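Examination of the molecular architecture
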Amino acid sequence: MFVSLFRAKPALWWGVLLPVSATLSGILAALHLPAVVLLGCMFAGILLSSNNVSLKVPPVYFALAQGVLGCLMAHSLQPAALAKVAVDWPIFLLATSSIIAASAVLGWIMMRRQLFPGTTAVWGLAPGAASAMVLMAEDYGADVRLVAIMQYLRVAVVTAVAALVAGIWAPHVASVALGGVSWLAVSNPGNVALTVLLAVVGALIARRLRIPAGSMVAPLVVGSALQATGYLVIELPPVLLMVAYAFIGWSIGLRFTRAILLYALRALPMVLGSIFALMGVGILIAVVLSHLTGLDPLSAYLSTSPGGADSVAVIAATSAVDTGFVMAMQLARFLMVLVLGPQVSKFVATRAV
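Residues numbered from 1 in each chain as written. Predicted model: local features only at pLDDT ≥ 70, side-chain atom pairs only at ≥ 80, totals over all residues. Heavy atoms only, no water.

**Re the overall build of the chain**
- Per the secondary structure count, the chain includes 18 helices and 0 strands.
- Counting across all 353 residues of the chain, residues that qualify as buried make up 51%.
- Contacts spanning at least 24 positions in sequence make up 78% of the contacts within the chain whose residues lie at least 6 apart.
- When the accessible surface of the chain is summed, it comes to about 15700 Å², and 71% of that surface belongs to carbon and sulfur atoms. (Helix = DSSP H or I, 4+ residues; strand = E, 2+ residues; numbered from the N terminus. Buried < 20%, exposed > 50% of the residue type's maximum accessible area, 1.4 Å probe, protein only. Contact = heavy atoms within 4.5 Å. Areas by Shrake-Rupley, 256 points an atom, 1.4 Å probe, with all protein chains shown as cover.)

**As for the nonpolar core**
- Counting residues in hydrophobic clusters, the biggest one holds 90 residues, and the most contacted among them are Leu69, Phe116, Tyr245, Trp250 and Leu302.
- The dominant element in this core, judged by the number of residues it contributes, is helix H9 (residues 144-169), at 13 residues.
- Among all residues touching Leu302, those that are not within four sequence positions of it are Ala162, Val312, Ile315, Ala316, Val321, Val326 and Gln330.
- Formed by 8 residues, the second largest nonpolar core is a distinct cluster that contains Ala104, Val122, Ala142 and Val348. (Core = buried A, V, L, I, M, F, W, Y, C linked by side-chain atoms within 4.5 Å.)

**Topic: the packing of aromatic side chains**
- Under the defined criterion, the tally for this structure stands at 3 aromatic pairs.
- Residues Phe247 and Trp250 carry aromatic rings whose centres are separated by 5.5 Å and whose planes lie at 85° to one another, so their mutual orientation is edge-to-face. Of this pair, Phe247 and Trp250 both sit in helix H13 (residues 238-253), 3 residues apart, which is roughly one turn of that helix.
- On the basis of relative accessibility, which here comes to 17%, the residue Phe247 falls in the buried class.
- Aromatic rings pair up to connect Trp14, Tyr61, Phe247 and Trp250 into one cluster. (Phe/Tyr/Trp six-rings, centres within 6.5 Å; stacked < 30°, edge-to-face > 60°.)

**Considerations on the packing of helix H15 (residues 268-293) against helix H16 (residues 297-304)**
- Relative to each other, H15 and H16 sit at 135°, their axes nearing to 8 Å. Considered as vectors, H15 and H16 are oriented oblique to each other. Once H15 is placed against H16, the crossing between them reads as right-handed. Between H15 and H16, the contacting residues are Met279, Gly282, Ile283, Ile285, Ala286, Leu289 and Ser290 on the first element and Pro297, Ala300, Tyr301, Ser303 and Thr304 on the second.
- Per-class residue counts for the contact of H15 with H16 are 8 nonpolar, 4 polar and no charged. (Axes fitted to C-alpha atoms, helices over the stretch in contact; angles between N-to-C directions. Parallel < 35°, antiparallel > 145°, perpendicular 65-115°, else oblique. Left-handed = near helix turned anticlockwise from the far one by under 90°. Nonpolar A, V, L, I, M, F, W, Y, C, P; charged D, E, K, R; others polar.)

**Considering a nonpolar patch on the surface**
- On the surface, Leu194, Leu197, Val200, Val201, Leu204, Ile205, Leu209 and Ile211 cluster together to form a nonpolar patch covering roughly 670 Å² of accessible area.
- By the secondary structure assignment, Leu197 is in helix H11 (residues 189-208). (Patch = residues over 30% accessible without salt bridge, like charges linked within 9 Å, V, L, I, M, F, W, Y side chains within 5 Å. Salt bridge = Lys/Arg side-chain N within 4 Å of Asp/Glu carboxyl O.)

**Comments concerning the side chain of Thr304**
- With respect to the element layout, Thr304 can be found in helix H16.
- When its relative accessible area of 3% is taken as the criterion, Thr304 is described as buried.
- Setting aside residues no more than four positions away along its own chain, Thr304 makes contact with Ile99, Gly282, Ile285, Ala286 and Leu289.

**Thoughts on unusual backbone geometry**
- The phi torsion at Asn52 lies on the positive side, around 65°, for a residue other than glycine.
- Relative to the assigned elements, Asn52 resides in the loop between helix H3 (36-49) and helix H4 (59-76).
- In this structure Asn52 comes out as exposed when scored by relative accessible area, which is 56%.

**Describing the environment of Ala126**
- Following the sequence through the fold, Ala126 ends up in the loop between helix H7 (120-125) and helix H8 (130-137).
- Distance in space between the C-alpha atoms of Ala126 and Ile99 is 9.2 Å, their sequence separation being 27 residues.

**Comments concerning the packing of helix H2 (residues 14-30) against H3**
- It is at 8 Å that the axes of H2 and H3 come closest, and there the two elements cross at 130°. As far as their axial angle goes, H3 and H2 are oblique. The two elements H2 and H3 cross, and the hand of that crossing is right-handed. The residues of H3 that touch H2, namely those facing Val16, Leu17, Val20, Ser21, Leu24, Ser25, Leu28 and Ala29, are Val36, Val37, Leu39, Gly40, Cys41, Phe43, Ala44, Gly45, Leu47 and Leu48.

**Some words on the confidence of the model for the chain**
- In the predicted model, the chain carries a mean pLDDT of 79, and 83% of its residues have values of at least 70.
- Mean pLDDT across the elements of the chain ranges from a minimum in helix H10 (residues 171-174), with 45, to a maximum in H11, with 92.
- Segment residues 172-180 is flagged for pLDDT under 50; beyond a separation of four residues in sequence, or across chains, it makes 17 contacts in the model. (pLDDT = per-residue confidence, 0-100.)

**Focus: the environment of Gly249**
- In this structure, Gly249 sits in helix H13.
- It is 8.0 Å that separates the C-alpha atoms of Gly249 and Ser311, two residues lying 62 residues apart in sequence.
- Not counting the four nearest positions on each side in its chain, Gly249 is found in contact with Leu38, Cys41 and Met42.

**Some thoughts on H4**
- Taking 1.5 Å of rise per residue, the 18 residues of H4 would be expected to cover 26 Å, and the 26 Å separating its terminal C-alpha atoms lies within 8% of that figure.
- Taken across its 18 residues, H4 has 13 buried, putting it largely inside the fold. (Expected span 1.5 Å × (residues − 1).)

**Digging into the side chain of Ser49**
- Inspection of the secondary structure puts Ser49 in helix H3.
- Residue classification places Ser49 among the buried residues on the basis of a relative accessible area of 1%.
- At 3.4 Å, the side chain of Ser49 and the backbone oxygen of Ile46 are in polar contact.
- Other than its neighbours up to four places away in sequence, Ser49 contacts Gly253, Leu254, Phe256, Thr257 and Arg258. (Polar contact = N/O pair within 3.5 Å; in protein donor to acceptor, adjacent residues only side chain to side chain.)

Okay, here's the thing in structure tokens:
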């Protein structure tokens, strides 16, 4: 009876997803990991979707969550952090370009060795703008299903590993994610209202105009400008951040259906190998970055981590790192991938096998 009822009304599975997400988040909090809400919701989504539970985060909710994350990233980009970016712009440019170049080279090598069908590896390893890469991949002889798996699995793996590294490096900070926080703490209701207005309006306008990743980028850019000029003090209550973290986590986890996972099982060793190879390149760049700038290793690692900018932003916000630097580096790479990523991947994909 219950099974047939859930099949008739799939939305009832949200009543299962919520407590499972809360339970997993609590377990992760007990392990002193950062970003426990995002990770718990991501793992809960994978658990349900891999058991043929058909759920999807409504696109408008995901856009609003990205708008909140955009404001969170803008809050970290204080004038001092922006000034550091202006002074160290060659380092930012070199580090972000290196990640993009490394992904292109790895993809080209795997394409030449024919480890995946056609140009699948090139598009699957592109470090960001996952939806754009998936949409363009089919036109260049790639297996779209494998590209999607490589893109979303990379985000999930990098997010989980980054959270684990951050938790081991600074375990005393991670527990703040769920405990010891006044969920409705607000210093200035007016600032909160204006920040929420920016997140909502910016995300919805960007979504309506179909700006790539605009739901996060628009509030981020506008919020940073208003904050730098003194017209806005960005303030977000913890409960709103937790809700945004949850929707980001679910949006990642619920993509991993059983059909996709079974299809990917045969290629899983190569997929994971390619992901860890890209992560290894990111670690090498982080070592160089830490040496050149004196940045602490964890901040350097998160700065060059080739995961989703939104998930890394959550981890950085709940860890003892130079959040402004991490956010600035992730934003720089994110924007470069949006502008140059498809062109670089297209150029590599057209090279003769």
